[in-house]
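# Coordinate analysis (summary)
Chain by chain, the residues:
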Amino acid sequence: MQATVGDKVHFKSRAVGIAERVAEIVEVHGRHGGPPYLVRFEDGHQTLVFPGADCVVESCRRASGQL
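Everything in this summary refers to the structure shown in the same document.

## Here's the deal with the layout of surface pockets
Quantified by volume, the largest pocket comes out at close to 150 Å³. The wall of the largest pocket is formed by Phe11, Lys12, Ser13, Arg14, Ile18, Ala19, Arg21, Gly52, Asp54 and Cys55. For the lining of the largest pocket, the class distribution of residues is four nonpolar, two polar and four charged.

## Description of the environment of Tyr37
With respect to the helices and strands, Tyr37 occurs in strand E3 (residues 37-41). Sequence separation between Tyr37 and Lys12 is 25 residues; the distance between their C-alpha atoms is 17 Å. Leave out the neighbours within four places in its chain, and Tyr37 touches Met1, Gln2, Ala3, Ile25, Glu27, Val28, Thr47, Leu48, Val49 and Pro51. Within the local environment of Tyr37, its side chain forms a polar contact with the backbone oxygen of Gly33, the two atoms lying 2.7 Å apart.

## Focus: the nonpolar core
In terms of nonpolar packing, the biggest core is built from 11 residues, these being Ala3, Val9, Phe11, Ala23, Ile25, Tyr37, Val39, Phe41, Val49, Cys55 and Val57. The set of elements that each furnish at least two residues to this core consists of strand E1 (8-11), strand E2 (21-28), E3 and strand E5 (55-58). The leading source of residues in this core is E3, at three residues. Once residues within four sequence positions are removed from consideration, Val39 is found in contact with Val9, Ala23, Glu24, Ile25, Val26, His45, Gln46, Thr47 and Val49.

## Concerning unusual backbone geometry
Negative phi characterises most residues that are not glycine, and trans characterises most peptide bonds. Look at the link from Pro35 to Pro36: it is a cis peptide, with omega at 10°. Considering the arrangement of structural elements, one finds Pro36 in the loop between E2 and E3.

Cut-offs and rules
Residues numbered from 1 in each chain as written. Predicted model: local features only at pLDDT ≥ 70, side-chain atom pairs only at ≥ 80, totals over all residues. Heavy atoms only, no water. 1 Å grid on protein atoms, 1.4 Å probe; cavity = no way out; pocket = protein on both sides within 12 Å on 5 of 7 lines; lining within 4 Å. Points joined across faces, edges and corners; volume = space filled by probe spheres on them. Nonpolar A, V, L, I, M, F, W, Y, C, P; charged D, E, K, R; others polar. Helix = DSSP H or I, 4+ residues; strand = E, 2+ residues; numbered from the N terminus. Contact = heavy atoms within 4.5 Å. Polar contact = N/O pair within 3.5 Å; in protein donor to acceptor, adjacent residues only side chain to side chain. Core = buried A, V, L, I, M, F, W, Y, C linked by side-chain atoms within 4.5 Å. Buried < 20%, exposed > 50% of the residue type's maximum accessible area, 1.4 Å probe, protein only.

Right, dumping it as structure tokens:
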């Protein structure tokens, strides 16, 4: 998994009734864009994450139509 600052991480729900969460990557601490990532959720909460199989990274370049 590789990411850059500004990319979004989608945390998929592991249980029925729990909503998917989305956070913006504010720092990349791994080599070559790898984890861990410091992320900020919409409520302002920040945490360091190692995304697992239930996560998807959406590139900010891909989302804005740039490649």
